[in-house]
Amino acid sequence: MTVKTIKVDQLARVEGEGALKVIARDGVVQSAELNIFEPPRFFEAFLRDRMYTEAPDITARICGICPVAYQMSAVHAMENALGVAVDGPLRELRRLIYCGEWIESHTLHIYMLHAPDFLGYEGAIEMARDHADIVRRGLDLKRAGNSIIALLGGREIHPINVRVGGFYRAPRRRELQPLAEELKRARDWALATVRWTAGFDFPDMERDYEFVALRGDGEYPFSQGRIASSRGLDISAAEYDEHFEETHVEHSTALHAHIKTRGPYLTGPLARYALNAASLSPLAREAAREAGLGSACANPFRSIIVRAVEVLYACDEALRIIADYEEPERSAVDLDARAATGYAATEAPRGMLYHRYQLTADGKIADARIVPPTSQNQPSIEEDLKTFATAWLDLPDDALRHRCEQTIRNHDPCISCATHFLRLEIDRGG
Amino acid sequence: MERARRPKLAVWKFASCDGCQLSLLDCEDELLEVAGEIEIAHFLEATRATIQGPYDLSLVEGSVTTAHDAARIQEIRKQSRFLVTIGACATAGGIQALRNFADVREYTAIVYARPDYIQTLATSTAIGDHVKVDFELRGCPISTRQLIEVISAFLAGRKPQTPPHSVCVECKIAGNLCVMVGHGTPCLGPVTHAGCGAVCPAYNRGCYGCYGPMETPNTPSLSAGLSKLGMDDDALKRIYRTFNANADAFRKESERHDR
């Protein structure tokens, strides 16, 4: 019997610290593990006894890459508990800041983390030596996303302007105008990005995923909509716990999420696109068609194109919001504490992010539960490795290892996010 | 003329959210220039390529929360000519240092179904509690402007210019209305280290201390003012116990209200 073990002890170009291990026997992959060895940080524990108003700032610190997603899931869950809805211009501003995060985070992934795999570089800085103009375009596009977050949120990372009920200060119309100028240029760069990524050489590999994403009512989803799947699931966020479960497995310190009775599923750009492509803006839809995406895409390597389409959509949507923006009379709605439980799921760049909070009558958090996209996707990522690696076993070790790394990067895993639920890896091999 | 050897930069991660090292990639205008001046020898978030130490400048993000990490920082110190901590986790233990006020076994049981799989220390501590640190950059997150200043200062062989005064001074420079005086909003600006540019007051909000305590802060005096604005002991305890909860001045002040 021949045994082949492929290990990468420190995955590069992912957010956070992870490792992978694939074991094959006699030409068949026996097991594939994405190990996460970030130390736990215990957010759900220390959220207890904090005021509901503190959750957006505290949970933002789970992830420096997608703090807006944490803030949005937190404020929506709290508002759900307190029985208020935030509509009109405040709702539009929330979509706008989320556009900023999608542009920033997706562009980081496309240009700095993912594209170097397709073009044969170790990273974007190495890629810039041969393709300076392209990397420059990526950085400019990323900055456009950051400009939205900085203006609306006060700063790019861990924005300070988001609160339960709205914002601390709503922007004036004229403050948004310079942003529109930058976003018009960004939209051109985003379109160029779709065309650039569509020209990459992709392995011909598909999987039969169950896609799970929010489905918006005629709009591409950020923070609102029902949780839907490509196999017929259609529930509200409050029903999440009835349909999904997490298990604590030993090989990786992550809690693995499954749909009860069915198993692994995939969230993120591929899932959002499969369930909402018809709600993209005309420009984004046309770019997707031109890139050959069809009505759904089940090849995870091509997720880079879907991310580019979503960046294009986010530029378009941000421009629409700015053009239509009416200054709200007040920057936040009134809130009264009450004993209740609140639920919300929103679409972080890398997938669905679920929060649930139980509040006491005086507004303190009695219990918190947070399920980040990476722990939802981890079982599917391992299935990808198992399914694909068998076909690559004849490759030299270095090439095989690189392919496996790429298989993980396809899903833009955010290990820092996942970490506070993730087990610490016990066996470090030394 | 042959170009002098470029200094080798390494970026290390401990328990953190990744936001401070992301700040380096957020320097969209300067990143490629910095990469021209410095050899990026170890920065896993950005590149697979790694170069062996020793390193001229190590930027360390995150706090120490495991026995393995306590050993790892010793090794990194040995390999680093200069070691700079970036952000509140590395400089003060971060939000995860809230465990220092609680029972970590209870925390583990709340989050994990199988606490026996989890290995973690009872505390989250700053890098400076374990090894000598050459410079501490504050903030949750750090400011990209200050990060560029630190790297530039290192390249030029000078001390970084990061004023140790309070956020109040930054508010005065920015011409912000004082949120405490103007509309009675509680604010940690008088005791908080500058660096953010007084961003919260500029958005009609009180400072929440994410840059940690300034040099010689008068926290009891501020707390007296905050209680006049209606904050009780529990609220005072919580306001000092966030992202720099284990920084000396904030920890001591929070303990005065923990009853």
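Residues numbered from 1 in each chain as written. Chains lettered and ligands numbered in written order. Predicted model: local features only at pLDDT ≥ 70, side-chain atom pairs only at ≥ 80, totals over all residues. Heavy atoms only, no water.

Undergrad: Would you mind going over the overall build of chain A with me for this structure?
TA: Helix and strand counts for chain A come out as 14 helices and 13 strands. Taken over the C-alpha trace, chain A has a radius of gyration of 21 Å; the compact-globule value for 430 residues is 22 Å, and the two agree within 12%. Taking the principal axes of its C-alpha atoms as reference, chain A extends roughly 70 × 45 × 40 Å. The long-range share in chain A, meaning contacts at least 24 apart out of those at least 6 apart in sequence, stands at 71%. Per element, the accessible surface of chain A, about 13,800 Å² overall, is 44% carbon and sulfur. (Helix = DSSP H or I, 4+ residues; strand = E, 2+ residues; numbered from the N terminus. Rg over C-alpha atoms; globule rule 2.2 N^0.38 Å. Contact = heavy atoms within 4.5 Å. Areas by Shrake-Rupley, 256 points an atom, 1.4 Å probe, with all protein chains shown as cover.)

Undergrad: Explain the interface of chain A and chain B to me, please; I cannot follow it from the model alone.
TA: How big an interface is tends to be stated in terms of the accessible area lost upon association of its parts. Listed as interface residues are 74 residues of chain A and, on the opposing side, 60 residues of chain B. Taken together, both faces of the contact between chain A and chain B bury some 5,900 Å²; the carbon and sulfur share is 60%. One can count nine salt bridges joining chain A with chain B. For the salt bridge of B:Glu28 with A:Lys142, the shortest nitrogen-to-oxygen distance reads 3.0 Å. At the boundary of chain A with chain B, the tally comes to 29 residue pairs in polar contact (both at pLDDT 80 or more). For the side of chain A that touches chain B, the secondary-structure elements that each account for two or more residues are α1 (43-46), α2 (55-60), α4 (88-119), α5 (124-130), α6 (132-153), α13 (397-409) and α14 (415-419) of chain A. Examining the composition of the side of chain A that touches chain B, we find that nine residues originate from one element, α6(A), more than from any other. (Buried area = accessible area lost by both parts, 1.4 Å probe. Salt bridge = Lys/Arg side-chain N within 4 Å of Asp/Glu carboxyl O. Polar contact = N/O pair within 3.5 Å; in protein donor to acceptor, adjacent residues only side chain to side chain.)

Undergrad: Looking at this structure, how should I read the domain arrangement of chain B?
TA: All names here are of chain B. According to the domain assignment, chain B consists of domain 1 (8-156) and domain 2 (167-256). In this structure, domain 1 and domain 2 have C-alpha centres spaced 25 Å apart. On the side of domain 2, 16 residues touch domain 1, which itself brings 17 residues to the contact. Buried surface at the junction of domain 1 and domain 2, both sides included, amounts to about 1,300 Å², of which 56% is carbon and sulfur. Three residues stand out in domain 1 for area buried against domain 2, namely Phe101, Arg138 and Cys140, and they jointly supply 43% of the buried area on that side. Here domain 1 is connected to domain 2 by zero salt bridges. Put simply, domain 1 and domain 2 have seven residue pairs in polar contact (both at pLDDT 80 or more) between them. Broken down by secondary-structure element, the contributors of at least two residues to the side of domain 1 that touches domain 2 are α4 (88-92) and α6 (144-156). Of the residues assigned to the side of domain 1 that touches domain 2, the class counts are nine nonpolar, six polar and two charged. (Domains from an automatic or database assignment. Nonpolar A, V, L, I, M, F, W, Y, C, P; charged D, E, K, R; others polar.)

Undergrad: Can you walk me through empty space enclosed by the protein in this structure?
TA: Residue and element names in this part refer to chain B. In this structure the tally under the stated criterion is six cavities of 30 Å³ or more. The calculated volume of the largest cavity comes to roughly 120 Å³. In terms of lining residues, the largest cavity is bounded by 20 residues, among which Cys17, Cys20, Ala88, Cys89 and Cys140 are the most central. Among the elements of the structure, α1 (19-25) and α4 are those that each provide at least two residues to the lining of the largest cavity. (1 Å grid on protein atoms, 1.4 Å probe; cavity = no way out; pocket = protein on both sides within 12 Å on 5 of 7 lines; lining within 4 Å. Points joined across faces, edges and corners; volume = space filled by probe spheres on them.)

Undergrad: I'm lost on the pairing of strand β1 (residues 8-13) of chain B in this one. Help?
TA: Regular strands show a simple pattern: their side chains alternate between the two faces of the sheet. Residue and element names in this part refer to chain B. Burial analysis of β1 places six of its six residues in the buried class, which makes it a mostly covered element. The alternating pattern of β1 places Lys8, Ala10 and Trp12 and Leu9, Val11 and Lys13 on opposite faces, both of which are buried. Note that β1 and strand β2 (residues 39-42) share three bridges and pair parallel. From the neighbouring strand, Ala10 faces β2, where its bridge partner is His42. Pairing of β1 with strand β3 (residues 55-61) involves five bridges; the strand directions are parallel. (Buried < 20%, exposed > 50% of the residue type's maximum accessible area, 1.4 Å probe, protein only. Pairing = 2+ DSSP bridges.)

Undergrad: Looking at this structure, how should I read unusual backbone geometry?
TA: With the exception of glycine, most residues fall at negative phi, and the peptide bonds are largely trans. Omega for the bond connecting B:Gly53 with B:Pro54 falls within 30 degrees of zero, at 0°, which places this linkage in the cis form. Among the secondary structure elements, B:Pro54 is positioned in the loop between β2 and β3. Here B:Cys140 and B:Pro141 are connected by a cis peptide whose omega angle stands at 5°. If you trace the backbone, B:Pro141 turns up in the loop between β5 (135-137) and α6. Positive phi outside glycine occurs at A:Phe42, with the angle close to 65°. Along the polypeptide, A:Phe42 turns up in the loop between β3 (28-36) and α1.

Undergrad: Teacher, can you tell me more about the nonpolar core here?
TA: Nonpolar side chains tend toward joint burial in soluble globular proteins. Ranked by internal contacts, the top residues of the largest apolar core, which has 172 residues, are A:Leu96, A:Met112, A:Tyr357 and B:Leu59. With 15 residues, α4(A) is the largest single contributor of residues to this core. Contact partners of B:Leu59, with chain neighbours within four places excluded, come to B:Leu9, B:Ala10, B:Val11, B:Trp12, B:Val84, B:Ile86, B:Leu147 and B:Ile151. Grouped together as the second largest cluster of nonpolar side chains are 16 residues, B:Val179, B:Ala198, B:Cys207 and B:Ala235 included. (Core = buried A, V, L, I, M, F, W, Y, C linked by side-chain atoms within 4.5 Å.)

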